[in-house]
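Structural overview for review
Here are the chains, one letter per residue:
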Amino acid sequence: MPTTYQPPVPTMRFLLEHVLDFDVQMAALPGLEEVNAEVAAEVLAMAGRLCAERLAPLNLPGDAAGARLVDGEVVTAPGFAAAYAEFVEAGWPGLAGDPQYGGQGLPRTVQIMLDEMVSAANLSFGLFPGLTRGAAEALAAHGSEELKDTYLGKLVTGEWCGAMALTEASAGTDLGLLRTRAEPRGDGSHSITGTKIFISSGDQDFGNNIVHLVLARLPDAPAGVKGISLFLVPKFLPGATGTFDERNAMSVGALEHKMGIHAQPTCVMNYDGATGWLVGEAGRGLNAMFTMMNAERLFVGIQGLGLADAATQNAVAYARERLQGRTEGRPGPVPIIAHADVRKMLLSCRAFVEPARALAAWTAIRMDVADRHPDAPTRAAAHADVALLTPVIKAAFTDFGFETTVLAQQVFGGHGYIHEAGMEQFVRDARITQIYEGTNGVQATDLVARKVTLDGGAPLRAYLAGIAADLDAAGETGALVAAMRPALALLEEASAAIAAASGDGDVLGAAATEYLSLFAVVSLGWMWVRILAAAPALEDERMRRTYDALAAFYASHVLPRANLHATRIAAGAATIMALEDDLF
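Not measured: the values here are computed from a predicted model.

As a further point, take the overall build of the chain. Across its full length, the chain carries 19 helices and 11 strands. Computed over the C-alpha atoms, the radius of gyration of the chain is 24 Å, within 12% of the 25 Å expected from 2.2 N^0.38 for a compact globule of 584 residues. When burial is assessed residue by residue, the chain has 55% of its 584 residues classed as buried. In the chain, of all internal contacts separated by at least 6 residues, the share reaching a separation of at least 24 is 73%. About 23,500 Å² of surface is accessible on the chain, with carbon and sulfur atoms providing 54% of the total. For the chain, the centre of its 43 positive side-chain charges and the centre of its 66 negative side-chain charges are spaced 4 Å apart.

Okay, structure coming up:
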């Protein structure tokens, strides 16, 4: 049977109303005073229908057809161009955009929940508006008024698309090695020459402009990252009449042949003296680009969550219908959901998806507070929370998300390995989320080398204190709280060890991924504590029973991972670094 998708709007509304104090939080933010959980749920319900009815049906056929390069022009999968036009016409690209430039000005919290549903329905499609929003945010933060007046409005509304061009064949994570050149022309513009690889949404056939943000070096730039500048390079330039109909000197050299996201045109882009304009200060291109990168890293984490939810929904539906074998006291054949091993896989999937959605929304609320709160210290504290959580959400949500899609595929058995069932596509699509926008190892390194010791460790201490306060408020009853206390203690001990090892690259590198996973396991457990505390407010008894069971499963089967991660952190770097390079 083909995959289906049910937007989780009731769950989202419960989180906003009862778990995360959304109404109270928004009431304190200028411009968002009238936005509450009821309004958010109405918007999300409309978006969910579009995702389920319009985008999800294009997912499997889009994967089969893929994006193609025909005579140097990208041809997207059938239906994508029309669906994108509908997406723009309905105003979804500008949901949280600045009203000054045509956006609707809704909270980022609502935007992130929309991103989850779009990613679940059709990840390849979702990258077009997602990257466009990131380009708009970078331009808004660093562009000149002239560039913003010319380009920002059409990016915010999605009428034009955006892409970021960082990677080169010789410069992956180490952007200091990039070679693309920018030559001043004397009129304020620059000539951009070079080749970029792995450029998502580098081109398409939607009939609109595509604004590339390109990292390049000016002639007098020093070596390394301090010599990199950022340039806006559009596919179409303004012609003699002012309309954007003059083709810039940029082209698609090839489409990458990828493991997944086949319907997303991932391009090799050639810039052959293309016209571009400096964004921000010369030599501070990474500073400007990281405005986009940090937003995209959160977006990628949400992609992992969305794919996990879509795969889980389909695995549950299959397990209820597939008859196989027998169980104690039940003559066969029985639905495979009756088998303990299958149930364990499904519980593992849902025990991740539910608290991950809550943690994503909590982080998004902190983003809204950081952007809008009238009190400067409150904004600063919220900004620190977002900085701390960004690598965790990107890496943990995609690691656990990939793990979840694999478990969901396993529920299908042999059918899960067949393309027509749709489950192997979820696995292939989820795999890239662990790699792009900075591999998960890079995210873990960022966490231990920078975020743990940020401001002397004050943001981390405040975050952990918030978890401890919620545990205290929950009291001593319940298996979840009982399991969370020692897990939190392990995280506190590991955090102190990481801080003490600051500057020791081997020790930090050996501990990085284990520490990030430990941080995530405890943080998701914290969200379960908050969900259970709010569950009595639910009128739906089925939801209450489900949450109780899932939280208990998390306590008994997932939180024990904390001990494993802590043990590996304590083991240090000695056995990792002992083997000489030539003996591998």
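Bringing a nonpolar patch on the surface into the picture now. Side chains of L579, L583 and F584 sit close together on the surface and give an oily, nonpolar patch of about 360 Å² of accessible area. Among the secondary structure elements, F584 is positioned in the segment after α19 (574-577). We classify F584 as exposed; its relative accessible area is 74%.

Inspection of every chain in the model, using the stated rule, returns 23 salt bridges. Of the charged contacts, one joins R247 and E73 as a salt bridge, the two residues approaching to 3.5 Å between their closest N and O atoms. Here E73 lies in strand β2 (residues 73-75) and R247 lies in strand β9 (residues 244-247), a separation of 174 residues in the sequence. Using a relative accessible area of 35% as the deciding quantity, one classes E73 as partly exposed.

Turning next to helix α7 (residues 123-142). Because an α-helix completes one turn every 3.6 residues, residues spaced three or four positions apart along the sequence face the same direction. Over its 20 residues, α7 runs 28 Å from end to end, which matches the ideal 28 Å to within 8%, given 1.5 Å per residue. Of all 20 residues in α7, 16 are buried, a share of seventy percent or more.

How two aromatic rings sit relative to each other is set out by the distance from centre to centre and by the angle between their planes. Under the definition given, this model contains 18 aromatic pairs. Considering the side-chain rings of W528 and Y547, the 6.0 Å spacing of their centres and the 70 degrees angle between planes classify their relative orientation as edge-to-face. Note that W528 is positioned in helix α16 (residues 505-534) and Y547 in helix α17 (residues 541-558), a separation of 19 residues in sequence. According to the relative accessible area criterion, Y547 is buried, its value standing at 2%. Here the guanidinium or amino end of K154 rests over the ring plane of W160, the centre of that ring lying 5.6 Å away. We note R431 situated over the ring of F402; from NZ or CZ to the ring centre the distance is 5.7 Å.

Note on placement: F87 falls in helix α5 (residues 80-89). Residue classification places F87 among the buried residues on the basis of a relative accessible area of 3%. Separated by 40 residues in sequence, F87 and A47 place their C-alpha atoms 9.5 Å apart. Once residues within four sequence positions are removed from consideration, F87 is found in contact with L50, W92, P93, V118, F125 and P129.

Right, let's get into helix α13 (residues 440-451). Among the residues of α13, those classed as buried are N440, Q443, A444, D446, L447, V448 and K451. Contacts from the buried residues of α13 go to α9 (285-321), α11 (376-411), α12 (423-433), α15 (479-500) and α16.

Counting buried positions over the five residues of strand β3 (residues 161-165) gives five, a clear majority of the element. Burial of β3 is two-sided: the residues C161, A163 and A165 facing one way and the residues G162 and M164 facing the other way are all buried. Sheet analysis places β3 next to strand β6 (residues 210-217), joined by five bridges and oriented parallel. Bridging across to β6, G162 finds its partner in V211.

What follows is about the packing of helix α3 (residues 37-55) against α5. The N-to-C vectors of α3 and α5 enclose an angle of 165 degrees; their axes lie 12 Å apart at closest approach. When the interaxial angle is binned, α3 and α5 end up roughly antiparallel. Helix-helix and strand crossings are classified by hand; for α3 and α5 the assignment is right-handed. Residue-level contacts link L50, R54 and L55 of α3 to A82, A83, E86 and F87 of α5. The residue inventory of the contact of α3 with α5, partitioned by class, reads five nonpolar, no polar and two charged.

Rules used throughout
Residues numbered from 1 in each chain as written. Predicted model: local features only at pLDDT ≥ 70, side-chain atom pairs only at ≥ 80, totals over all residues. Heavy atoms only, no water. Helix = DSSP H or I, 4+ residues; strand = E, 2+ residues; numbered from the N terminus. Rg over C-alpha atoms; globule rule 2.2 N^0.38 Å. Buried < 20%, exposed > 50% of the residue type's maximum accessible area, 1.4 Å probe, protein only. Contact = heavy atoms within 4.5 Å. Areas by Shrake-Rupley, 256 points an atom, 1.4 Å probe, with all protein chains shown as cover. Lys, Arg positive; Asp, Glu negative; His and termini not counted. Charge placed at Lys NZ, Arg CZ, Asp CG, Glu CD. Patch = residues over 30% accessible without salt bridge, like charges linked within 9 Å, V, L, I, M, F, W, Y side chains within 5 Å. Salt bridge = Lys/Arg side-chain N within 4 Å of Asp/Glu carboxyl O. Expected span 1.5 Å × (residues − 1). Phe/Tyr/Trp six-rings, centres within 6.5 Å; stacked < 30°, edge-to-face > 60°. Lys NZ or Arg CZ within 6 Å of the ring centre and 35° of its normal. Pairing = 2+ DSSP bridges. Axes fitted to C-alpha atoms, helices over the stretch in contact; angles between N-to-C directions. Parallel < 35°, antiparallel > 145°, perpendicular 65-115°, else oblique. Left-handed = near helix turned anticlockwise from the far one by under 90°. Nonpolar A, V, L, I, M, F, W, Y, C, P; charged D, E, K, R; others polar.

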